[in-house]
Amino acid sequence: MKNKEIAKIFDEMGDMLEFLGENPFRARAYKRASQIIYGLPEDIENLYKSGKLSEIKGIGESIIQKVGEYLDKGKISAYEEYRSKIPEGLLELLSVPYIGPVTLRTLYKTLHITNFDELIKACEDKMLRNLPNFGPKKEENILKGLLRFKEQTFRHPIGLIYEDISKLLEDVKKIEGVIRAEVAGSFRRMKETIGDIDILASGENPARIIKSFTKLPLVKEILSEGETKSSVLLTSGIQADLRVVDDISFGACLQYFTGSKNHNVKLRGIAKDKGLKINEYGVFEGDKLIPCPDEDIVYRTLGLVWIPPEMREDNGEIELAQKNELPELIGYKDIKGDVHVHSTYSDGGETIRAMAESAIKKGYEYIVITDHSQSLKIAKGLEIERLYKQMEEIDKLNKELAPFKIFKGSEVDIKHDGSLDYSDEILKKLDFVIASIHSGFKDDEKKITKRVLSAMENPYVTMIAHPTGRIINSRDPYNVNIIEMCKGASKTNTYLEINAYFDRLDLNDINARIAKEYGVKFCIGTDSHNSIQLNMMIYGIGQARRAWLTCDDIVNSRHLKDFEKLIRIKRK
DNA sequence: GCCGTTTTCGGCCCGACTGTTTTCAGTCG
């Protein structure tokens, strides 16, 4: 599937046009097309061939022609032409704070800057301050931005900063004069990674609230401080922004700062068509303010129903909200049990009993213990003897802990030839078999897809875990053909996992949405190796909500009895 | 470059903050 690579080219073309000083709306059109293509729940090649690409808003004649050119020849001549005009690596500087297209163009044309190191040197040599519209302060900021950029090139996985953010929010809520406070931005949309933290507060005397905010213990450096808005750098190195408004504008402001940008741009377009104007203070009819203390009023005023934040990416959710046809997403409390849990039998840190008791405390009805299989020596994979011993222990515990149920499972390796790490005779004895790839990540598409497909053909395999193997900020997905995998899963009634572990979150939102189109059902599993990690379930649910999944799609949102039936469905 | 039951041309979201200016350009979200 070439969606991602094509999206990347159009994104870059947008940057190039901006840099070259072309019509900014043309640049934006490319970027928009890029985002649309990136989020497509279907293979772009199919859409192109069936002529359905032209039905998508934001994709016009010129983009379609270029998509065709890429599918045909593997490159786009317009892109190649722009690229020949711009030094390699120069556009990376657009990601540096304080450097936009205009600044970069000036730097390139006057000082002939073409990369990161040259720009650092120019700043240190004080070469920037005498350029038109530059000064010492701007030079200093750019240097700071460069150093910050060098330190922190990755976005933060949501699971790593969730607790920090919750703590910061608590601190903001305690500031004198604050009436309400919420975290907005990509955090509220439950994106798998977070760039910076957006906090929104309402209260009287915003300037005083801003002042208190900049003095919170977590704050390392103040980047900007105004009457209603401030940006700071936290001790953890993450940027946090606070915006303070009157309580009557809280809903409008929360809507506005939750984004995404594309979602908001479209909403504003709708407002405009209705003769209204939206900004962070509310909806305006001429000069008349329609107060929006709560977010749903913004949507209602525009003739829409309220849209869950996780869906706000302008991927079709606005059109559904206009028709009141939004799916009822799985809720954060709808999961009835965890299907991917390790114990001390393999590489987990706690006993089966400890994990089960923690699950009971969370209100779960069941868990599936899925320790590694024999050949994964590095993780103390279970030889058959120990697997039997584990089964006995689970039987005993189940008598004691009923009606809570521990299912006997295993995370079984898919070997290089596509066979599984236990024989069918053994697998038959388990309630829930996870098959997953832990080796041969570099296999080509054909081979790795075949491995996964043949695992799914096995009647005892219940689910494929972390189906693309990617690790956020660390390992690219292996080259499995998503569409073939989805077809296979659907055909064989094999579930696909949404792995909730903070740096996996795999399937991700886009792939899970594609899978749903093919009729695939899912389980969300935390891959926990200790009881605290059971809490990561929320990140998996967030990813599922971003994929528009409902309880009907998620097998472990079912109560024990139904779940038990659904995990046996293949064996009949 | 995209879009349009008012338009096939002329629009394209909107405001805060900073640093440079002396009324505004650039960046950011």
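As the structure is a prediction and not an experimental result, all values here were calculated from the model.

Conventions used here
Within any chain, residue numbers begin from 1 and follow the written order of that chain's sequence. For this description, chains carry letters from A and ligands carry numbers from 1, given in the order in which they are written. With pLDDT at 70 or above as the cut-off, local features in this predicted model cover only qualifying residues; side-chain atom pairs require 80 or more to be listed or tallied, and sums for whole chains, interfaces and linings still use all residues. Values reported for side chains reflect all heavy atoms of the structure, with hydrogen atoms and water molecules removed beforehand. As annotated, the domain borders come from an automatic or database domain assignment. Note on contacts: a residue pair qualifies if any of its non-hydrogen atoms lie within 4.5 Å across the two residues. Reported buried area values correspond to the accessible surface (1.4 Å probe) lost by two parts on association, with both partners' losses combined. The term salt bridge refers to a pairing of a side-chain nitrogen on Lys or Arg with a carboxyl oxygen on Asp or Glu at a separation within 4 Å. What qualifies as a polar contact is a pair of N or O atoms within 3.5 Å, subject to a donor-acceptor requirement within protein and to the restriction that residues adjacent in sequence count only when both atoms come from side chains. Polarity classes work like this: nonpolar for Ala, Val, Leu, Ile, Met, Phe, Trp, Tyr, Cys and Pro, charged for Asp, Glu, Lys and Arg, and polar for all others, with Gly in that last group. Nearness is judged by heavy atoms alone; a residue qualifies as near a molecule or strand once a single heavy atom is within 4 Å of it. Segments assigned H or I by DSSP are reported as helices when at least four residues long, segments assigned E as strands when at least two residues long, and all are numbered from the N terminus. We call a residue buried when its accessible area falls under 20% of the maximum for its residue type, exposed when it is over 50%, and partly exposed in between, using a 1.4 Å probe and counting protein chains only. Only strands joined by at least two bridges in the DSSP assignment are considered to pair. Orientation is described by lines fitted to C-alpha atoms, with helices fitted over the stretch in contact, and by angles between N-to-C directions that extend from 0 to 180 degrees.

Another point: the domain arrangement of chain A. By domain assignment, chain A separates into domain 1 (3-152), domain 2 (156-245), domain 3 (250-322) and domain 4 (337-568). Computed from C-alpha atoms alone, the centre-to-centre distance between domain 2 and domain 3 is 23 Å. If you look at the interface, domain 2 gives 14 residues, while domain 3 gives 17 residues. Interface area for domain 2 against domain 3, summed over the two sides, is near 1,400 Å², with a carbon-plus-sulfur share of 61%. At the junction of domain 2 with domain 3, the criterion picks out four salt bridges. Across the pair Glu313 and Arg189 runs a salt bridge, and its minimum N-O distance is 2.9 Å. At the boundary of domain 2 with domain 3, the tally comes to nine residue pairs in polar contact (both at pLDDT 80 or more). Split by residue class, the side of domain 2 that touches domain 3 holds six nonpolar, two polar and six charged.

We now examine the protein's contact with DNA strand B. Taken together, 49 residues surround DNA strand B, and among them Gly58, Thr103, Gly135, Tyr256 and Arg268 come closest. Of everything in DNA strand B that lies within 4 Å of the protein, sugar and phosphate atoms constitute 78%. Here a phosphate oxygen of DNA strand B and a side-chain polar atom of Arg28 are 2.8 Å apart. Contacts to DNA strand B include Lys137, whose backbone N or O atom sits 3.4 Å from a phosphate oxygen. Looking at the surface near DNA strand B, the elements that each hand over two or more residues are α2 (24-38), α4 (61-73), α6 (101-111), α8 (136-151), β5 (219-225), α13 (261-273) and β8 (277-279). The dominant element in the surface near DNA strand B, judged by the number of residues it contributes, is α2, at five residues. Here the surface near DNA strand B is composed, by residue class, of 18 nonpolar, 13 polar and 18 charged.

What follows concerns the side chain of Arg546. Secondary-structure assignment places Arg546 in helix α22 (residues 537-546). Overall, Arg546 belongs to the buried group, its relative accessible area being 9%. Setting aside anything within four residues of it in sequence, one finds Arg546 in contact with Arg189, Met190, Lys191, Glu310, Glu313 and Asp509.

A few words on the sheet that holds β5. The sheet built from five strands is open, its strands ordered β2-β4-β7-β6-β5 with mixed pairing. Each end of this open sheet is capped by a strand with a single partner; those strands are β2 (178-183) and β5. Between one strand axis and the next, the sheet turns by 25° as a mean value, whatever way the strands run. Two strands pair when backbone bridges link them, and strand β6 (residues 229-234) and strand β7 (residues 239-245) are joined in this way by five bridges, in the antiparallel orientation. Its bridge partner being in β7, Ser230 is matched across the sheet by Leu242. Contacting β2, β4 (197-203), β6 and β7, helix α9 (residues 158-174) crosses the sheet at an angle of about 165° to β2.

For Lys220, the position within the fold is in strand β5. Here the alpha-carbon distance between Lys220 and Ser236, two residues 16 residues apart in the chain, equals 8.4 Å. Each residue touching Lys220, except ones within four places of it in the same chain, is listed here: Leu233, Leu234 and Thr235.

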